[in-house]
Each structure stands twice: as C-alpha cells, then as structure tokens.
Amino acid sequence: MKKVLIFLLLSLSCTLVFPQDGLNISADLVNRFFWRGQNVGGNSFHLQPLVYYSKSHFEIGAFGSYGFCNKYEEVDLYAKFKLKDFAIAYTNYYIPIFGDETPSSINTKFYNFGKTTPNIGEVSLSYKSETFPLFGSINTFIWGNDKNFGYDAELDSTGGNYYSTYVELGYSFNKNINLFVGLTPYRGFYGNDFGVVNVGLKMYKNIEVTDKFNIPVYVVLSSNPQKENLFLMIGITL
C-alpha cells in the first residue's frame with residue numbers, strides 16, 4: 001500500500017521545466033530499467049531524476065536511477081557539446097549496486113578511480129534532426145569498470161578494458177513513434193560477439209488530466225535478439 005501511495009503522489013506531480021537555455025528538472029517513473037538491450041535495473045520499478053543546464057551549444061547534467069524493490073542505484077554525470085544536428089558527449093556512469101543487488105566492484109566508492117573503480121567513462125557521437133526522420137549514435141566505454149566479462153581469457157587475466165561499443169540507428173515515423181535497432185560490433189558489456197542486441201519501438205502519448213495539465217507517458221517494446229528476450233517498459237514523466 002505504501003508503494004501504491006507513493007506511485008499515486010508521483011503521478012500527480014508535474015515536470016518543472018525552465019527555458020531551453022537554462023535549468024531543466026524532471027523525473028521518470030518506469031516499471032523496469034531496460035537500457036540498450038540490457039535489463040540493468042532488475043525486476044523493479046525505478047525512479048529516474050534528471051537535471052541539466054543548457055546554454056548555447058553546451059549542456060551539462062546528471063541522471064539517476066533508483067530501484068523501488070531492490071538496491072540498484074546509478075548516477076550519471078555528463079557534458080555535451082551540440083552543433084546543429086550533431087552532438088558529442090562524455091558520460092561518467094557510477095553504478096555501485098547492480099539490479100541483482102551485487103556490488104559492481106570490491107570498492108564501490110565514487111572517488112575510487114583505480115583498477116577497482118565502479119565508474120565507467122563513455123564517449124558518444126549522436127545525430128538527431130527536427131526535420132529529418134533518421135537518428136543514430138555511436139557510444140564507447142573508454143575506461144573504468146568495463147572488464148572481466150569472460151569472453152577473452154587473455155584480456156580478463158590482465159584486467160584490461162573491453163571498450164564495449166553500442167551503435168544505434170533509428171527512424172521517427174512521427175513525434176509519437178520511433179523505431180530503433182542497436183548492435184554491438186564485438187564482445188563486451190552488450191554481448192558475446194558482433195550482433196543485434198536491441199530492436200524495438202518507443203511510443204509517446206500525453207494523457208490529458210485537465211485542460212491545463214497532462215501527463216507524458218511512453219512505452220518501449222524492445223527485444224535483444226542475441227539473448228532472445230523481450231521486454232515491455234512503460235514510463236511516466238513527472
């Protein structure tokens with residue numbers, strides 16, 4: 001009952017959005033955290049706050065995800081440079097506890113940047129246009145806790161990074177439906193070899209509560225062909 005009451009209270013909240021150039025604050029409530037073909041958040045609802053500041057071509061922000069029914073926690077800090085329809089970004093993922101409630105490292109402290117760090121650094125290049133329906137991104141882990149996946153014995157023995165990479169291409173049918181396909185070019189965090197690891201649809205809809213208040217809702221139907229699974233995620237933007 002307590003979790004139901006929290007859910008209802010959050011559902012009645014609204015997004016606090018300031019001008020595009022400025023501070024933006026919002027939060028999503030999702031039934032699971034399914035990311036790039038991976039069920040990273042376990043079997044739990046998640047609250048996902050987001051805050052970012054945007055000015056001209058630059059944006060800095062922080063994203064979090066916290067499981068209601070498990071100990072999963074994540075805080076991502078990012079910086080982005082945007083030029084027309086392209087953007088390059090650096091993201092630091094801090095994930096001390098996984099969805100199965102196991103620690104990500106023997107030392108889960110944020111300021112541990114050594115060999116046992118729970119942090120992962122990623123560089124991304126993305127494209128998205130307001131007028132052209134195609135979008136895409138290339139994302140590569142360049143340092144941190146991207147190791148010991150069991151796919152390369154020599155690499156695992158030295159504690160070397162896999163440089164896990166995720167490539168996604170998508171098509172926007174309209175503002176409410178996106179089709180996407182994600183793949184990994186080699187073994188690493190996303191899979192054991194080259195292959196498609198994420199394919200599906202993301203659909204958006206505003207549910208009107210009153211004439212002046214509506215709740216943005218989205219649904220993601222996604223499958224990982226390499227792992228042969230299927231997930232349905234629903235989210236509410238607060």
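The paragraphs below set out a description of the structure included in this document.

Here is what the cut-offs are and how they apply
- Residues numbered from 1 in each chain as written.
- Predicted model: local features only at pLDDT ≥ 70, side-chain atom pairs only at ≥ 80, totals over all residues.
- Heavy atoms only, no water.
- Helix = DSSP H or I, 4+ residues; strand = E, 2+ residues; numbered from the N terminus.
- Rg over C-alpha atoms; globule rule 2.2 N^0.38 Å.
- Buried < 20%, exposed > 50% of the residue type's maximum accessible area, 1.4 Å probe, protein only.
- Contact = heavy atoms within 4.5 Å.
- Polar contact = N/O pair within 3.5 Å; in protein donor to acceptor, adjacent residues only side chain to side chain.
- Patch = residues over 30% accessible without salt bridge, like charges linked within 9 Å, V, L, I, M, F, W, Y side chains within 5 Å.
- Areas by Shrake-Rupley, 256 points an atom, 1.4 Å probe, with all protein chains shown as cover.
- Salt bridge = Lys/Arg side-chain N within 4 Å of Asp/Glu carboxyl O.
- Pairing = 2+ DSSP bridges.

Attention now moves to the overall build of the protein chain. For the protein chain, the helix and strand inventory stands at 2 helices and 13 strands. Taken against the 2.2 N^0.38 rule, which gives 18 Å for 238 residues, the C-alpha radius of gyration of the protein chain at 18 Å falls within 12% of a compact globule. Counting only C-alpha atoms and orienting by the principal axes, one finds that the protein chain spans roughly 60 × 45 × 35 Å. Expressed as a percentage of the 238 residues in the protein chain, the buried residues total 40%. Across the protein chain, every contact between residues at least 6 apart in sequence was considered, and the portion connecting residues at least 24 apart equals 44%.

In this fold, Arg36 is placed in the loop between β2 (22-30) and β3 (46-55). Arg36 gets classed as buried once you look at its relative accessible area, which sits at 13%. Polar side-chain contacts of Arg36 include one of 2.7 Å to the side chain of Glu122. A distance of 2.8 Å separates polar atoms of two side chains, one belonging to Arg36 and the other to Tyr190.

This next bit is on a nonpolar patch on the surface. Together, Phe58, Phe81, Leu83, Phe86, Ile88, Tyr90, Val123, Leu125, Ile138, Ile142 and Tyr163 line one region of the surface with nonpolar side chains, adding up to about 1000 Å² of accessible area. Listing elements by their share of the nonpolar patch, those giving two or more residues are β5 (73-83), β6 (86-97), β7 (119-128) and β8 (134-144). In terms of residue count, the dominant contributor to the nonpolar patch is β6 (3 residues). Mapped onto the fold, Leu83 is located in strand β5.

Looking now at the pairing of β6. Consecutive side chains along a regular strand alternate between the two faces of the sheet. The element β6 is extensively covered by neighbouring structure, given that 9 of its 12 residues are classed as buried. Two elements, β5 and β6, share 10 bridges in a ladder whose sense is antiparallel. Paired with Lys80 across the bridge in β6 is Ala89. As defined by bridge partners, β6 adjoins β7 across 9 bridges and the pair is classed as antiparallel. When the bridges of β7 are listed, Tyr93 appears paired with Ile120.

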